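Below are the chains, spelled out letter by letter.
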Amino acid sequence: MSPEELTAAIDALLRDHPPATTDPHEFFAARFDAGLAWVWVDPSDGGSNAEPALQGLVEQRLTEAGAPVPGAYNPIGIGMCGPTLLTHGTPEQRARYLRPLYTGEEIWCQLFSEPSAGSDVAGLAARARRDGDDWILDGQKVWTSFAHLSHRGLILARTDPTVPKHNGITAFVVDMHAPGVDVRPLRQLTGDAEFNEVFFDGVRIPDGDRLGDVGAGWRVGTTTLMNERVSLGGAIATREEPGAGLLESYRVAAARGEGNPVRRDQAIQLWIEANVNYLTAVRAAAGGNRGKPGPEGSVLKLTSAEFNQRAAEFQNDLLGPAGALLPAHEMRRPTLPYGSMGIPSTQTTFLRSRANTIEGGTSEILRNILGERVLGLPGDVRVDKGVAWKDVPR
Amino acid sequence: MSFSPEQEELRATVRSFLDRHSDEAAVRRLMETDDGYDPAVWNLMGTQLGLQGLYIPEEYGGSGFSFAELCLVLEEMGARLLCAPFFASAVLAASALLESDDEEAKKDLLPGIASGETIATLAYSNDSGQPDGAVTATSTPAGYTLDGSRHFVLDGALADLILVVACADAGPSLFAVEKGADGLTPTRLPTMDLTRKQADLTFDDTPARLIGAEGSADEVLQRVLQLACVALVNESVGGARAVLEQATTYAKERLQFGRPIGSFQAIKHRCADMLVAVEGSRSAAYHAATVAATGDGQLAVIASLAKSYVSEAYFSVAAENIQVHGGIGFTWEHPAHLYFKRAKSAELLFGDPISHRELLAQRFGL
């Protein structure tokens, strides 16, 4: 589809389904059917066979028109599971799952992390074994966002413990309402329970819900993780006036008589850092658009996570003694659309920021990635290399 | 903030010129000399590549590129620690004249700077590094004369033409003084960074030519120093790139405990942090170069932002490079110290990081 045809399709969508008066789910369905979900894929998958670069045009036009954002209604589904299905799903799987995922009718979660397999995702132990036309799943997952709201999950499970860890994993789509699935809130140090523990006890998965070949789950998982980093890194690029909030917080504190030269310099240092991160995000976007993704993207996840922590602590400390108070302790559960729970307190933001250097790849793993994949330094010590998963000490 | 094919071509040309004329041996030979540059290479830079006049408009004998191209060239020079009065002449003096409102002086003085025949510099600093006081200008029937001294003048002892900020009746004003003028005494300063020479200059009843109107130097100098910061951070990006390259190359080769040291997280993560510092520096420096080239009103802010961030980043990666190299990195024979010293001199030139953060705080009304 040409840019002109795409523009016409956008105009028609907005005319027939005015965002102000259309239910968001209905709007997403119409958008999917108009081929404006993922423009570069086939019409049957919600696309128009257009140039990938034109996706930006669609997002911009729809944002300007005040259209709802699908990612807010199904964050993990839109950001990670959808792109993974597009890459690895069979035609039947794509036909069954993509449209309800896009409309938000079926919420998705991603089930990779386990209590003993965090940064070492490929070390996972949840087990799936073949039983006729089905697989039987047993095991535990953890840190699962939106599991309590989800209809479907994208899961990695071990299907062959006798081969090295990366080779014995298979990916599946799991029905989160199937018998044997138990979702429990995981209360975090903020008091909230954004995440969940998920237990699987003899859960049946039809072989038709296997994603990719048996033993090829690591490739499927890598697609998901790459999309995760893009969506985490991309978030910062949209921020307006980087660091302005930091300066304002300092002004407010100084007016209360809590200004001093050290804090003032900290405010400016953080302001500079916020702007450098923003400029790096802009540069990464420019590189990506020209088909030459550089190291800026990986750098961004690391720097923005560490910056967020410092900035959140600075803001918290500007409250003075009140920075040690937590206004609310009751356990909150995220709802959709994302963000509908309102703006958290400064103290909660400070507490929440500790997760930034852990979630989506710890800072240590990211430094390994930068060192090894960008700078070409030799690999880290890996005693499990080439060893069958069952023989690796754990 | 991305480079055009033409800009990349310019970069490649400058790179191959510097490969031939500014390898480590050349840098070490030249840094031991008083004037710290090779006149033959300087001439080639002017006649073959036209680098000295890169951003001087064609009407004044230059090639009329933008400040962004000048920054790109400086990045490559910084990577190779080029020993030459380029920064003093092609950046400081050229922009002081270009920013002045003196058409006649531009026509007289810029062509020589553009061709490289004239080596020029800017003398603005007192002994605290501040652009205040210290030199007074007296108007006489025969013209102006200067008295006082200027400090830390880049390539001040070899410059043919010195642009001096001096206080006249109407306030700070810009003057031109020629090499060998009556009462002008240059004193070479012992610099830690041997690749960038400095001198003190004293003026005793020294005849000088007024550039622009009396009292007009404040605004000119402010803008020239902002441009100088932008140019210097781009030069620093080149140096930071070079030390990251040295450190990672060494970390892949050097074996300890039977393994390349780069396979240990203690070293690998240091190198990753160096990469983070270099990439952040590029983002700040390239954006600053774009702002300087397009005449955006935010130059003062981005110049201070970039100067604070990049000069700290360059110093930290230059220091990390020594650490990654271990004992060898602390020797005179290894180039690590040359970059480390260049990074320190760059950090202290045109206002250190803290003073630029102070400028920003004032600007934001904190």
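Computed from a prediction, not measured in an experiment: that's the story for all the values here.

Scoring rules and cut-offs
- Residues numbered from 1 in each chain as written.
- Chains lettered and ligands numbered in written order.
- Predicted model: local features only at pLDDT ≥ 70, side-chain atom pairs only at ≥ 80, totals over all residues.
- Heavy atoms only, no water.
- Helix = DSSP H or I, 4+ residues; strand = E, 2+ residues; numbered from the N terminus.
- Buried < 20%, exposed > 50% of the residue type's maximum accessible area, 1.4 Å probe, protein only.
- Contact = heavy atoms within 4.5 Å.
- Areas by Shrake-Rupley, 256 points an atom, 1.4 Å probe, with all protein chains shown as cover.
- UniProt positions renumbered as here; feature names shortened; annotations may be inferred.
- Domains from an automatic or database assignment.
- Buried area = accessible area lost by both parts, 1.4 Å probe.
- Salt bridge = Lys/Arg side-chain N within 4 Å of Asp/Glu carboxyl O.
- Polar contact = N/O pair within 3.5 Å; in protein donor to acceptor, adjacent residues only side chain to side chain.
- Nonpolar A, V, L, I, M, F, W, Y, C, P; charged D, E, K, R; others polar.
- Expected span 1.5 Å × (residues − 1).
- Phe/Tyr/Trp six-rings, centres within 6.5 Å; stacked < 30°, edge-to-face > 60°.
- Lys NZ or Arg CZ within 6 Å of the ring centre and 35° of its normal.
- 1 Å grid on protein atoms, 1.4 Å probe; cavity = no way out; pocket = protein on both sides within 12 Å on 5 of 7 lines; lining within 4 Å.
- Points joined across faces, edges and corners; volume = space filled by probe spheres on them.

A. A look at the overall build of chain A. Broken down by element type, chain A carries 12 helices and eight strands. The principal-axis extent of the C-alpha atoms belonging to chain A is close to 75 × 60 × 45 Å. Looking at chain A residue by residue over its 394 residues, the buried ones come to 49%. Of the contacts formed within chain A by residues at least 6 apart in sequence, a portion of 71% connects residues at least 24 apart. When the accessible surface of chain A is summed, it comes to about 18,000 Å², and 54% of that surface belongs to carbon and sulfur atoms.

B. Just the UniProt feature "domain: Acyl-CoA dehydrogenase/oxidase N-terminal" (unreviewed entry) in chain B, in detail. Annotation from UniProt places "domain: Acyl-CoA dehydrogenase/oxidase N-terminal" (unreviewed entry) at residues 4–117 of chain B. Span residues 4–117 of chain B is 67% helix and 0% strand, its end C-alpha atoms 30 Å apart.

C. Representation of the domain arrangement of chain B in the model. Residues and elements named next belong to chain B. Split by domain assignment, chain B resolves into domain 1 (5–115), domain 2 (120–216) and domain 3 (219–363). One C-alpha centre belongs to domain 2, the other to domain 3, and the line joining them spans 30 Å. Listed as interface residues are 11 residues of domain 2 and, on the opposing side, 15 residues of domain 3. Contact with domain 3 buries surface across domain 2, with Y124, M192 and R196 losing the most and accounting together for 42% of the total. For R342, the salt bridge goes to D193, with nearest N and O atoms at 3.5 Å. Run the count over domain 2 and domain 3 and you get three residue pairs in polar contact (both at pLDDT 80 or more). Taken together, the residues that form the side of domain 2 that touches domain 3 break down as seven nonpolar, two polar and two charged.

D. Spotlight on the UniProt feature "domain: Acyl-CoA dehydrogenase/oxidase C-terminal" (unreviewed entry) in chain B. Mapped onto the present numbering, the UniProt feature "domain: Acyl-CoA dehydrogenase/oxidase C-terminal" (unreviewed entry) falls at residues 222–363 of chain B. Helix makes up 80% of residues 222–363 of chain B and strand 3%, with an end-to-end C-alpha separation of 14 Å.

E. Structural context of the UniProt feature "domain: Acyl-CoA dehydrogenase/oxidase N-terminal" (unreviewed entry) in chain A. According to UniProt, the positions carrying the feature "domain: Acyl-CoA dehydrogenase/oxidase N-terminal" (unreviewed entry) are residues 23–105 of chain A. Taken end to end, residues 23–105 of chain A is 61% helix and 0% strand, and its first and last C-alpha atoms sit 12 Å apart.

F. Focus on the UniProt feature "domain: Acyl-CoA oxidase/dehydrogenase middle" (unreviewed entry) in chain A. Cross-referencing UniProt, the feature "domain: Acyl-CoA oxidase/dehydrogenase middle" (unreviewed entry) maps to residues 109–203 of chain A in the present numbering. For residues 109–203 of chain A, the end-to-end C-alpha separation is 17 Å, with 0% helix and 47% strand making up the annotated structure.

G. Focus on helix 10 (residues 336–348) of chain B. All names here are of chain B. Across its 13 residues, helix 10 extends 19 Å between first and last C-alpha, which sits within 8% of the 18 Å expected from 1.5 Å per residue. Most of helix 10 sits out of view: 10 of its 13 residues are buried. The complete set of buried residues in helix 10 reads A336, H337, L338, Y339, K341, R342, A343, S345, A346 and E347. Check the buried side of helix 10 and you find it contacts helix 2 (24–31), helix 4 (67–79), helix 7 (217–253), helix 9 (299–325) and helix 11 (353–363).

H. Expanded view of the packing of aromatic side chains. Within this structure, the stated rule accounts for 16 aromatic pairs over all chains. Here the aromatic rings of F87 of chain B and F350 of chain B are separated by 5.9 Å at their centres, their planes lie at 25°, and the arrangement is stacked. Taken together, the residues span a long stretch of sequence, with F87 of chain B in helix 5 (residues 86–99) and F350 of chain B in the loop between helix 10 and helix 11 at a distance of 263 residues. According to the relative accessible area criterion, F350 of chain B is buried, its value standing at 9%. Clustering of aromatic rings is evident, with ring pairs tying together F28, F32, W38, Y73 and Y102 of chain A. Positioned above the aromatic ring of W389 of chain A is the side chain of R394 of chain A, whose terminal nitrogen or guanidinium carbon lies 3.8 Å from the ring centre. Taking NZ or CZ as reference, R259 of chain B lies 5.4 Å from the ring centre of F264 of chain B, over its face.

I. The arrangement of the interface of chain A and chain B in detail. At the interface, 36 residues of chain A touch 38 residues of chain B. A combined buried area of about 3,200 Å² lies between chain A and chain B, and 70% of that area is made up of carbon and sulfur atoms. Considering only the surface of chain A that becomes buried against chain B, R264, R283 and L375 of chain A emerge as the three largest contributors, covering 20% of it. One can count five salt bridges joining chain A with chain B. Salt-bridge contacts for R367 of chain A lead to D273 of chain B; the nearest nitrogen and oxygen are separated by 2.7 Å. Linking chain A to chain B there are 15 residue pairs in polar contact (both at pLDDT 80 or more).

J. Quick peek at empty space enclosed by the protein. Residue and element names in this part refer to chain B. Considering all chains together, one arrives at five cavities of 30 Å³ or more under this definition. Taken as a whole, the largest cavity encloses approximately 150 Å³ of empty space. Lining the largest cavity are 17 residues; nearest its centre among them are L82, A84, F87, R196 and R342. Of all the secondary-structure elements, those providing two or more residues to the lining of the largest cavity are helix 4 and helix 5. Here the lining of the largest cavity is built from residues that sort into nine nonpolar, three polar and five charged. The element contributing the most residues to the lining of the second largest cavity is helix 3 (residues 39–49), with three residues.

K. Structural detail: the pattern of salt bridges. Summed over all chains, the structure comprises 48 salt bridges over all chains. Of the charged contacts, one joins R184 of chain A and D182 of chain A as a salt bridge, the two residues approaching to 2.9 Å between their closest N and O atoms. What makes R184 of chain A partly exposed here is its relative accessible area of 38%. Taking the relative accessible area as the measure of exposure, D182 of chain A reaches 31% and is therefore partly exposed. Taking the shortest distance from any N to any O, the salt bridge between R270 of chain B and E320 of chain B comes out at 2.5 Å. On the criterion of sequence distance, the pair formed by R270 of chain B in helix 8 (residues 265–294) and E320 of chain B in helix 9 is long-range, its members being 50 residues apart. The class of R270 of chain B is partly exposed, set by a relative accessible area of 29%.

L. Geometry of the domain arrangement of chain A. Residues and elements named next belong to chain A. Here chain A is partitioned into domain 1 (3–103), domain 2 (108–215) and domain 3 (221–374). The gap between the C-alpha centroids of domain 1 and domain 3 is 28 Å. At the junction of the two partners, domain 1 supplies nine residues and domain 3 supplies eight residues. At the boundary of domain 1 with domain 3, total buried surface from both sides reaches about 750 Å², with 67% on carbon and sulfur atoms. When residues of domain 1 are sorted by the area they lose upon contact with domain 3, A72, Y73 and M80 head the list and together hold 52% of the total. The tally of links between domain 1 and domain 3 comes to zero salt bridges. Counting residues per element, the ones that place at least two in the side of domain 1 that touches domain 3 are helix 4 (70–73) and helix 5 (75–88).

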